[in-house]
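This is what each chain is made of:
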Amino acid sequence: MNFTPLLPISANVSPQGVLTIANQDLERLAEQYGTPLYLYDAATIHQQVNTLQSLLKQAYPGQSLVAYAAKAYFSEGISRKLAAMGLGIDVVSLGELELALRGGFAPGVLHLHGNNKSEEELAAALEIHAQAIVVDSLDELRLLESLAARRGKNKARIWLRVTPTVQGHTHAHIDTSGANSKFGLHIENGQAAEAIRYARASAWLDLVGLHMHLGSQFFEPEIYSEAVHQLYQLAQSENFQPQEFSPGGGWGVRYTPADPQDAYAPWLEAVCESVIAECARLGWPLPRLILEPGRSLVARAGVAVYRVGAQKTTPSGLRIVAVDGGLADNPRHALYQARYTALAVKQANATNVSQARLVGKFCESGDVLIPAVDLPQVERGDLIAVPVAGAYQLSMTSNYNLAPRPAVLWLDENGVELLQKREVPSESGWWRLPE
Ligand SMILES: Cc1ncc(COP(=O)(O)O)c(C=O)c1O
C-alpha cells in the first residue's frame, strides 16, 4: 500500500523499511515518552495553513480569515503555534477559550460556539469582547441579551448559527444539517428569521453575521453552494446584510487510500463563488468571510504510535493484534466506524502482509482501532503507526479503565517539543498532568 498521501509530509521510509517523521527515530521517542504516543508534524500543519490562507486570498476579494476549530485538537502548546500562524480561533468552552488566550489569540479573532453554552461561558466571551458569540437558539438569544443588559457594559457581538437543509454524505453522528439537527436556528420552522428580527430590535445585541456548519468529513462542494444560497435567501427575506459570514468547516480528509481526494480548492471555490454570486445578485457588499476548518488543518499532521502486545487467532480464523492504546485515546471507530490504515514502523514497505484486526487494550468489544488492516508479521514490542491521527482523537480521549492520556510531541526542524506530558496518577485516583 502507498502510505505517502496519508503520512505527514516529513515522513520518510529508509531503504531498510524504517519509518521516520521529521528525521526522528520513532523507537527512540517511544522509549523516551512511552506509548501510546502522539506526534504532530509541524511541516504538514504549516503546509495546510499556508495552502488554505493563500487559496482564500486568491479566491475571495473581500476581507477573510481562516479560524481553526479548536475542538479538532487543542492544548496550550499548539494554541501558541497556531496563533503565530495568523489564524483566528473557534472555541466551544471556557477551557478552549482560556487556552486560546494563553496561546496568544486576540479576542478579535475568537468566536464562541456551542449549542448549550453556560452563563459563565457567555459572560467570559462578553468580557473579552470576542469577535462573535455564535448564538445557537432563540432561548440562548434571550439569555445572552439579559446577561449583556445585566452587565450594562458592551453589547454582545453575535452571529446566528443557521441550520440549512442539505443532503451531504457523511456519518449521521457528524452531520449537523437537516430538520432534526440539535444545532442552530432552523430556517424551515421560521426560527432563524425570528432570531434575526429579535436580535436587530435588541438594545443589547449587535447582530453582525451569519454562520452555518454542515457537519464534518464532507467531500461535496455543491452542498456548500446550496447552503450559502439558503442563508442568503433568509438574509434577503429579512433585508439583513451580514458584515461577516462564516460557512463553517467540515471539509473531509483522506484516512485511507480509498477515500476521495481532499485538496482544498473545490471547497474553497464553491464557498467563495457562491458568496460572491449571492452578494452580486442582491447588490450587497461582500462580507468578511471566516472559514472554520479543524480536521483538515491537523489530521494528516498527526500520527499515533502504539506498541504491539498480545496476538491471537480466533476460532473463525480472525487474526487479532492488540496494541497498548485504543478506545481511550481514539474512540472514533467506536463512535462512528471511522476508517484508518496502519503500518509497522520497522517494516513500512512490507509486502508480505495478511489481514488483521487491530484492537486496543480496553474492556469493551467495541475497542477496535481498525477492523481489517494488512499487516506484516509483528512481535510483542514492535511499534505500529496509525496515520491521520491528528483530529478528534486526542480531543476526545478519556481515562477509561483509568488509562493515562498519552504524551504529545511537536516535531519540526529544531527537533522535538513536548506539547502535552503523559498523565500520571494523582491522589484522588484520577490521572493528572505531571508538574
Ligand atoms: C461549528 C463548527 N465549526 C467548525 C467545525 C470543524 O469541523 P471540521 O473539523 O470538520 O473542519 C466544527 C466541528 O464539529 C463545528 O462544530
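Calculation notes
In this convention, every chain numbers its residues from 1, walking through the sequence in written order. In keeping with the predicted nature of the model, local features appear solely for residues at pLDDT of at least 70, side-chain atom pairs appear and are counted solely at 80 or more, and the whole-chain, interface and lining totals rest on all residues. Excluded from the side-chain calculation are hydrogens and water; included are all heavy atoms of the structure. Strands here mean DSSP runs of E at least two residues long; helices mean DSSP runs of H or I at least four residues long; both are numbered from the N terminus. As defined in this context, the radius of gyration uses C-alpha atoms, and a globule is described by 2.2 Å times the residue total to the power 0.38. Type-normalised accessible area, obtained with a 1.4 Å probe on protein chains alone, sets the label of each residue: buried when under 20%, exposed when over 50%, and partly exposed for intermediate values. Think of it this way: one heavy atom of a residue within 4 Å of a molecule or strand is enough to make that residue near it. For the purposes of these results, a polar contact is taken to be a pair of N or O atoms within 3.5 Å, where, inside protein, one atom must be able to donate a hydrogen and its partner to accept one; residues adjacent in sequence count only when each atom of the pair is a side-chain atom. In these tables, accessible area is a Shrake-Rupley quantity obtained with a 1.4 Å probe, and a residue counts as shielded only by the protein chains included in the view. Basically, the charged four are Asp, Glu, Lys and Arg, the nonpolar ten are Ala, Val, Leu, Ile, Met, Phe, Trp, Tyr, Cys and Pro, and anything else, Gly included, counts as polar. By convention in these notes, a salt bridge is any Lys or Arg side-chain nitrogen within 4 Å of a carboxyl oxygen on Asp or Glu. Pairing between strands is defined by DSSP: at least two bridges between them are needed.

J.: Looking at this model, I keep getting lost on the overall build of the protein. Mind explaining?
T.: Along its length, the protein carries 11 helices and 23 strands. Here the C-alpha radius of gyration of the protein, 23 Å, is about what a compact globule of 435 residues would show, namely 22 Å. When the backbone C-alpha atoms are referred to their principal axes, the protein occupies close to 70 × 50 × 45 Å. Taken across its 435 residues, the protein has 57% of its residues classed as buried.

J.: Teacher, can you tell me more about the site of the ligand here?
T.: Among the 15 residues in the neighbourhood of the ligand, the closest are listed as Ser216, Gly250, Glu292, Arg295 and Tyr392. A distance of 2.3 Å is found between a nitrogen atom of the ligand and a side-chain nitrogen or oxygen belonging to glutamate 292. In the complex, 91% of the free accessible area of the ligand, which totals 400 Å², lies under the protein chains. Classifying every residue of the shell around the ligand by side-chain character gives three nonpolar, seven polar and five charged.

J.: I would appreciate a short explanation of the pattern of salt bridges in the present structure.
T.: One side chain can pair with another of opposite charge once the charged atoms of both are near each other. On inspection of all chains with the given rule, the structure shows 14 salt bridges. Glutamate 417 serves as the salt-bridge partner of lysine 81, at 2.7 Å between the closest nitrogen and oxygen. In this pair, lysine 81 sits in helix H3 (residues 76–83) while glutamate 417 sits in strand E21 (residues 415–420), placing the two residues 336 residues apart along the sequence. By relative accessible area, glutamate 417 is classed as partly exposed at 30%. A single network of salt bridges, built from pairs that share partners, joins Glu76, Arg80, Glu98 and Arg102.

J.: In this structure, what is going on with the sheet that holds strand E2 (residues 19–21)? I would like to understand it.
T.: The strands making up a sheet are joined through hydrogen bonds of the backbone, oriented either antiparallel or parallel. Reading across the sheet, the three strands line up as E1-E2-E3 and stay open at both edges, with antiparallel pairing between neighbours. Of all the strands in the sheet, the pair left with one neighbour each is strand E1 (11–13) and strand E3 (24–25). Summarising the sheet, E2 and E3 pair through two bridges and their orientation is antiparallel. Bridging across to E3, isoleucine 21 finds its partner in glutamine 24.

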